[in-house]
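# A closer look at the structure
Residues per chain, in single letters:
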Amino acid sequence: EKAGVSDLLSKMLGKGSLNISKDDFEEEIDFLGAQVNFGSENFFASSLSRYFPRVLEMSIDAAINPNFIEEEFESEKSRLRENLESDEKSVTAAARRVESLLAYGKKHPYGEYVSKETLKNVTLADVKGLYNDRFKPSNAYLVVVGDVNYRSIKKQITTAFKNWKGQVFESSSFPEPNNVSETEINFVEMPNAVQSEVAIINTATMDKKNPDYFASLIANKILGGGGQARLFLNLREDKGYTYGSYSNWKENHKTKALFKAFASVRNTVTDSAIIELVNEVDRIGSELVTDKELATAKAKYAGNFVLSLEDPKTIAQFALNIKTQKLNPEFYINYLKNIKAVSKEDVIRVSEKYFLSNQSRIVVTGKGSEILEKIERIDFKNRRLKVRYFDKYGNETDRPEFFKVLPVK
């Protein structure tokens, strides 16, 4: 009922504090050449080492003594409302919204979306309430990476946070997302679409402690992880249906992970693209990949991993992951070794287990008058796929009707 509170909280934080005005805060950060960003549950700051004590002091102050001003709230709320209005006819925005909702459900955090109706219900008091629920010492971690002295930094942090109090954080529960019993097409009507958004999605249990984790990374890389992956080579290079086709697979230690294979395609080839996408998802779980595909995927992961270590933010994230996800302290030390150990048999096994071609939602967002009849005739494994119909907000509807304009005599 009040979706949008989190978005507004992220915009309200970092605008000074009770001890320093917004303008003075931003001016000093700019003068120091620092970077400070706030989200609804975090902040990030970076600067030259000699300025870091002051930047850290200002960031902590803004985080634990936020300056919630009504005028700023109304301004940010108005800006968010304008963004929603500009997305009203966006096919991509509608596709992403409905895909998440159908994958996770309306009562799951990932299925929730902000609308003009829910935004109307949000007050500054709601933003303050969410802040008080979220920002608590028992729920907080602070990671510092750089040319710093541990003792001096610890002393500064201890002093800065000494008056920060709060009750123990209580996480809320949410329903477990479920996949469909057999693959079906979920069609979203967008009459203004000049191309179709197609996504094959399913959820599965996967986190970094799962013994299948590294094999699943390689499997996704081979399927849709870039310009040398199967989806791209098939739908773009071979068929010319799209500018690019990819797949995403990201673990989640708090809820189900989401697998997604997707492409934006021309209206005239929407049905053909669906068939190619689902066949590729099915094939990687039923046929062994080649030695070349496996070697290429491993090399790309190794290269990206090594390059990422040059970024202090990566090191900070690794440290946070180990702590919050209770990983083996040597998880990242052994990362490349575990990638190297993945076999072709591992890839086919995890693909069949987690990329569910037989229990997927094929979400198609597009212009029904041009694509729907062909979509309704799609077969997969000798079975006509069921088609269900939804509006751009994920509400199930009847099949849309289309009327042809008769020529004037």
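Residues numbered from 1 in each chain as written. Predicted model: local features only at pLDDT ≥ 70, side-chain atom pairs only at ≥ 80, totals over all residues. Heavy atoms only, no water.

### Quick word on the packing of aromatic side chains
To keep things clear, this is the line we draw: Working definition: rings of Phe, Tyr and Trp (its six-membered ring) pair if their centres are within 6.5 Å, and the pair is stacked with planes under 30 degrees apart, edge-to-face with planes over 60 apart, and tilted otherwise. Numbering of helices and strands starts at the N terminus; helices are DSSP runs of H or I of at least 4 residues and strands are runs of E of at least 2. Sitting over a ring, as applied to charges here, requires NZ of Lys or CZ of Arg to be within 6 Å of the ring centre and within 35 degrees of the ring normal.
Scanning all chains against the criterion turns up 21 aromatic pairs. Each ring, one from F68 and one from Y131, has its centre 5.7 Å from the other, and the planes form 75°; the classification is edge-to-face. Linking F68 in the loop between α3 (52-64) and α4 (70-86) with Y131 in helix α7 (residues 124-134), this pair joins segments that are 63 residues apart in sequence. The interplanar angle of 15° and the centroid separation of 5.9 Å between the aromatic rings of F305 and F318 together place this pair among those described as stacked. Placement of the pair is F305 in helix α12 (residues 291-308) and F318 in helix α13 (residues 312-324), with a sequence separation of 13 residues. Each member of the aromatic cluster is reached from another via a ring pair, and the members are Y213, F214, F305, F318, F331, Y332 and Y335. The ring centre of Y301 lies 5.2 Å from the NZ or CZ of K221, which sits over that ring.

### Some thoughts on the pattern of salt bridges
Stated precisely, the cut-off is as follows: The term salt bridge refers to a pairing of a side-chain nitrogen on Lys or Arg with a carboxyl oxygen on Asp or Glu at a separation within 4 Å. Type-normalised accessible area, obtained with a 1.4 Å probe on protein chains alone, sets the label of each residue: buried when under 20%, exposed when over 50%, and partly exposed for intermediate values.
Counting across every chain of the model gives 31 salt bridges. Between D212 and R349 there is a salt bridge, and its shortest N-O distance comes to 2.8 Å. Of the two residues, D212 sits in the loop between β4 (195-204) and α9 (213-224) while R349 sits in helix α15 (residues 344-354), which places them 137 residues apart along the sequence. D212 sits in the buried class, given a relative accessible area of 6%.

### Some thoughts on the sheet that holds β4
The following threshold applies: Strands were regarded as paired on the criterion that DSSP finds at least two bridges between them. For this analysis, residues touch if any pair of their heavy atoms sits within 4.5 Å. Each axis is a line fitted through C-alpha atoms, taken for helices only over the stretch in contact, and angles between the N-to-C directions span 0 to 180 degrees.
Overall, mixed pairing links the seven strands, which are arranged β5-β6-β4-β7-β3-β8-β9 in an open sheet. Both outer strands of the open sheet, β5 (242-250) and β9 (396-397), are each paired with one neighbouring strand and no more. Of the pairings in the sheet, the one linking β4 to strand β6 (residues 257-266) comprises 10 bridges and is antiparallel in character. Bridging across to β6, A199 finds its partner in F262. Where helix α10 (residues 230-238) meets the sheet, its contacts fall on β5 and β6, and the angle it forms with β5 comes to roughly 160°.

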